[in-house]
Amino acid sequence: MKVLRLPEGLRLVDFASAIVIGSLGLFINTMYFTLEYLKSSGDVLAQTWARPVEHALVISTVPLYLAVGYIYWSQKRVATELQLANKDLERSKNLKELFADILRHDLTTPLTILSGFVDLIPEEKLEEDVKENFKEIEMGIERMTSLIEKASVLSKIEHKTDLEREGLDLVQCINDVLWMYWTLANMKNIEVEFENKEPTFVQANMVIEEVFGNLFSNAIKYSPENTKIVVDIKKFKERCRVYFKDQGEGIKDSDKEAIFTRFERRQKGPVKGIGLGLTIAKKIVELHEGRIWVEDNPSGGSIFIVELPINGDLPVREE
Amino acid sequence: MAKILVVDDEDDVRLVTQTILKKAGHEVIEAAGGGECLKILESHKPDMIILDVMMPDMGGWEVCEKIKSNKGLSDIPVIMFTVMGEMQDMRHSRGTGADAHVSKSFGMNVLLKTVERLLE
């Protein structure tokens, strides 16, 4: 789809207008001074030239008006085309989001049913080789479900270049995330520590919760049973950091940047996730002029850190 | 053993949910929509309600608000069980008074575990 951008369209018209108006202005100015000179010279021959020069001056203003009119019309036309193109783009974005929502609903539901019936099959009654096949089916369902869910979120934010922000309490956000994922953590007997109580406000969009949800669910996924996840918020002068510390296997130095790239995944094995989640997280954090990265946890595992400016207008500074 | 009302417009989701709940020893009542759920609640008081969000006649969030604002029903734990798994959806569920929000992508085991936790 052809998309017109206002600055480009107007730059062309502005350039043409500068040349046309400038040339005509110079011409009229020259003629005016010539006319004044002829009137004041008293020369008879020159006086006879004054009238035609005066006529020429009047006539020369006609193309000037025409040029100004044309430029005005051109600008209106560019603006109209731009509006139409933007409407097309908006419609296309809305359709894409709607399509993603329909896909999410209509694909996740049968996958839920499939997954439910697979769960109902008694494992102890299966032959060893069939058991392996069932594990593959379960993992396939989990990956498809995860892909659909993440793709739906990505479709909503990937075209965005800016986000509306409001005062958001990070402590409340984290509590929401813990509420959502409590059962998942409990199923692996993972202890969750989050001691921050004082409200900590930043200028952010609600979508930032997707980042925290993703990091916390990843921490659960990659943590062995009976371990601990620590979530912490630290406030600095102009920025805030949210830490997710797990006791999983950790991430190799060579993978620490790649995991934030679409479709990269840190390991193969019986864990779900296809790498879209961290790509989305990075995109959302960058839309907030923030940073996201991973470090080694000194007590084993990883620490994912999200750094956000407290005031949305202030970019995050490097340490 | 608890009496659980499962509300979902998808027949197969109700079938698999009730099969898993019955296997875990619970009694299940079914409703195919929000309106039917409220109708059942006029004559039954289940120990728990599992509610889908996107239903054609009345959405799960609206049903949950009605349940939680009714003094006679507000103490029944409500689990939103939905394909809507984003944090904003969870926040919405929490805002309507739901006791838990389980994304369908989490799977039936997570739903069952949540049921057990809320019944404790």
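The model shown is predicted, which means the values in this text are computed figures rather than measured ones.

1. Remarks on the packing of helix 3 (residues 128-157) of chain A against helix 6 (residues 276-287) of chain A
Residues and elements named next belong to chain A.
Then comes step 1: Direction vectors running N to C along helix 3 and helix 6 enclose 20°, while the axes themselves pass 9 Å from each other. Put simply, helix 3 runs roughly parallel to helix 6. Seen along the crossing, helix 3 lies across helix 6 with a hand that is left-handed. On helix 6, the residues touching Leu-147, Lys-150, Ala-151, Val-153, Leu-154 and Ile-157 of helix 3 are Leu-276, Gly-277, Ile-280, Lys-283, Ile-284 and Leu-287.
Then comes step 2: Looking at the contact of helix 3 with helix 6 residue by residue, the classes come out as 9 nonpolar, 1 polar and 2 charged.

2. What about the pattern of salt bridges?
Then comes step 1: Summed over the entire model, instances satisfying the criterion amount to 20 salt bridges over all chains.
Then comes step 2: Between Arg-77 of chain A and Glu-81 of chain A there is a salt bridge; the shortest N-O distance is 3.3 Å. Taken together, the residues span about one helical turn, with Arg-77 of chain A and Glu-81 of chain A both in helix 2 (residues 44-120) at a distance of 4 residues.
Then comes step 3: A residue is classified by how much of its surface remains accessible, and Glu-81 of chain A, at 32% relative accessible area, is partly exposed.
Then comes step 4: With a closest N to O distance of 3.2 Å, Lys-45 of chain B and Asp-75 of chain B form a salt bridge. Here Lys-45 of chain B is found in the loop between helix 2 (34-43) and strand 3 (48-51), whereas its partner Asp-75 of chain B is found in the loop between helix 3 (60-68) and strand 4 (78-82), with 30 residues between them in sequence.
Then comes step 5: When its relative accessible area of 45% is taken as the criterion, Lys-45 of chain B is described as partly exposed.
Then comes step 6: Residue class for Asp-75 of chain B comes out exposed when judged on its relative accessible area of 54%.
Then comes step 7: Linked by salt bridges that have partners in common, Asp-176 and Glu-209 of chain A together with Arg-91 and Arg-94 of chain B make up one network.

3. Overview of the pairing of strand 5 (residues 100-103) of chain B
Residue and element names in this part refer to chain B.
Then comes step 1: By the alternation rule, side chains of strand 5 split into Ala-100 and Val-102 and His-101 and Ser-103, which are all buried.
Then comes step 2: Bridging between strand 4 and strand 5 involves 4 bridges; their strand directions are parallel. Each bridged residue has a counterpart across the sheet, and for Met-80 the counterpart in strand 5 is His-101.
Then comes step 3: In this fold, the crossover linking strand 4 to strand 5 by way of helix 4 (residues 87-95) has right-handed handedness.

4. Details of the sheet that holds strand 4 of chain B
All names here are of chain B.
Then comes step 1: Taken together, the 5 strands give an open sheet; going across it, the order is 2-1-3-4-5, and neighbouring strands pair in parallel fashion. The sheet terminates laterally at strand 2 (27-31) and strand 5, the two strands that pair on one side only. Neighbouring strand axes in the sheet, compared pairwise and without regard to direction, differ in orientation by 20° on average.

5. A few points about the confidence of the model for chain A
Residues and elements named next belong to chain A.
Then comes step 1: Looking at chain A as a whole, the pLDDT averages 80, with 84% of positions reaching at least 70.
Then comes step 2: Looking across chain A, the model is least confident in helix 1 (residues 6-41), with a mean pLDDT of 66, and most confident in strand 2 (residues 191-194), with 96.
Then comes step 3: Residue range residues 268-274 is modelled with pLDDT below 50. Its contacts to residues more than four positions away, or to other chains, number 18 contacts.
Then comes step 4: With pLDDT under 50 throughout, residues 314-319 is counted as low confidence; its partners more than four residues away or in other chains account for 17 contacts.

6. Observations regarding unusual backbone geometry
Residues and elements named next belong to chain A.
Then comes step 1: Phi at Asn-189 is positive, roughly 50°, even though this residue is not glycine.
Then comes step 2: On the secondary structure map, Asn-189 appears in the loop between helix 4 (170-187) and strand 2.
Then comes step 3: The exposure class assigned to Asn-189 is exposed, which follows from its relative accessible area of 51%.
Then comes step 4: Phi is positive for Glu-289, which is not a glycine, with a value near 55°.
Then comes step 5: Inspection of the secondary structure assignment puts Glu-289 in the loop between helix 6 and strand 6 (291-296).
Then comes step 6: Residue classification places Glu-289 among the partly exposed residues on the basis of a relative accessible area of 34%.

7. Observations concerning the packing of aromatic side chains
Then comes step 1: Enumeration over the complete set of coordinates arrives at 4 aromatic pairs over all chains.
Then comes step 2: Ring geometry for Tyr-181 of chain A and Phe-216 of chain A: centres 6.3 Å apart, planes at 65°, overall edge-to-face. Within this pair, whereas Tyr-181 of chain A is found in helix 4, its partner Phe-216 of chain A is found in helix 5 (residues 208-222), the two being separated by 35 residues in sequence. In terms of burial, Tyr-181 of chain A and Phe-216 of chain A fall into one category: buried.
Then comes step 3: Ring plane angle 45° and centroid distance 5.6 Å describe the contact between Tyr-181 of chain A and Phe-106 of chain B, whose orientation is recorded as tilted. Placement of the pair is Tyr-181 of chain A in helix 4 and Phe-106 of chain B in the loop between strand 5 and helix 5 (108-119), with the two residues belonging to separate chains. Of the two residues, Tyr-181 of chain A and Phe-106 of chain B, neither departs from the other in class, the shared state being buried.
Then comes step 4: Through a chain of ring-to-ring contacts, three or more aromatic side chains come together here, namely Tyr-181 and Phe-216 of chain A together with Phe-106 of chain B.
Then comes step 5: In this arrangement the basic side chain of Lys-234 of chain A is found over the ring face of Tyr-243 of chain A, its NZ or CZ atom lying 5.3 Å from the centre.
Then comes step 6: Of note, Arg-239 of chain A hangs over the ring of Phe-236 of chain A, and the distance from its end group to the ring centre comes to 5.2 Å.

Basis of the calculations
Along each chain, numbering runs from 1 in the same order as the chain's sequence is written. To read the labels, note that chains go from A and ligands from 1, taken in the order they are written. Owing to the predicted nature of the model, reporting of local features is limited to residues with pLDDT of at least 70; listing and counting of side-chain atom pairs is limited to 80 or more, with chain, interface and lining totals taken over all residues. Values shown for side chains rest on all heavy atoms present in the structure; no hydrogens or waters enter the calculation. Every angle, taken between N-to-C directions, lies between 0 and 180 degrees, and every axis is a line fitted to C-alpha atoms, over only the stretch in contact when it is a helix. Per the convention used, a helix needs a DSSP run of H or I reaching at least four residues, while a strand needs a run of E reaching at least two, with both numbered from the N terminus. Roughly parallel means an angle under 35 degrees; roughly antiparallel, over 145; roughly perpendicular, 65 to 115; everything else is oblique. Here a crossing is called left-handed whenever its near helix is offset anticlockwise from the far helix by less than a right angle, and right-handed whenever the offset is clockwise. The contact criterion used is simple: two residues touch if any of their non-hydrogen atoms lie within 4.5 Å. Polar here means any residue other than Ala, Val, Leu, Ile, Met, Phe, Trp, Tyr, Cys and Pro, which are nonpolar, and Asp, Glu, Lys and Arg, which are charged; Gly is therefore polar. Only one rule defines a salt bridge in this text: a Lys or Arg side-chain nitrogen within 4 Å of an Asp or Glu carboxyl oxygen. Relative accessibility under 20% of the residue-type maximum defines a buried residue, over 50% an exposed one, and the middle range a partly exposed one, all with a 1.4 Å probe and only protein chains included. By the convention used here, strands pair only if DSSP detects at least 2 bridges between them. A right-handed crossover is one whose linking path, passing over the helix from the first strand to the second, runs clockwise when the strands point away from the viewer. Per-residue confidence from the predictor is reported as pLDDT, a score between 0 and 100. Two aromatic rings, drawn from Phe, Tyr or Trp (for Trp, its six-membered ring), form a pair once their centres lie within 6.5 Å of each other, and the interplanar angle then sorts them: stacked below 30 degrees, edge-to-face above 60, tilted otherwise. Counting as a charge over the ring demands two things of the Lys NZ or Arg CZ atom: a distance within 6 Å of the ring centre and an angle within 35 degrees of the ring normal.

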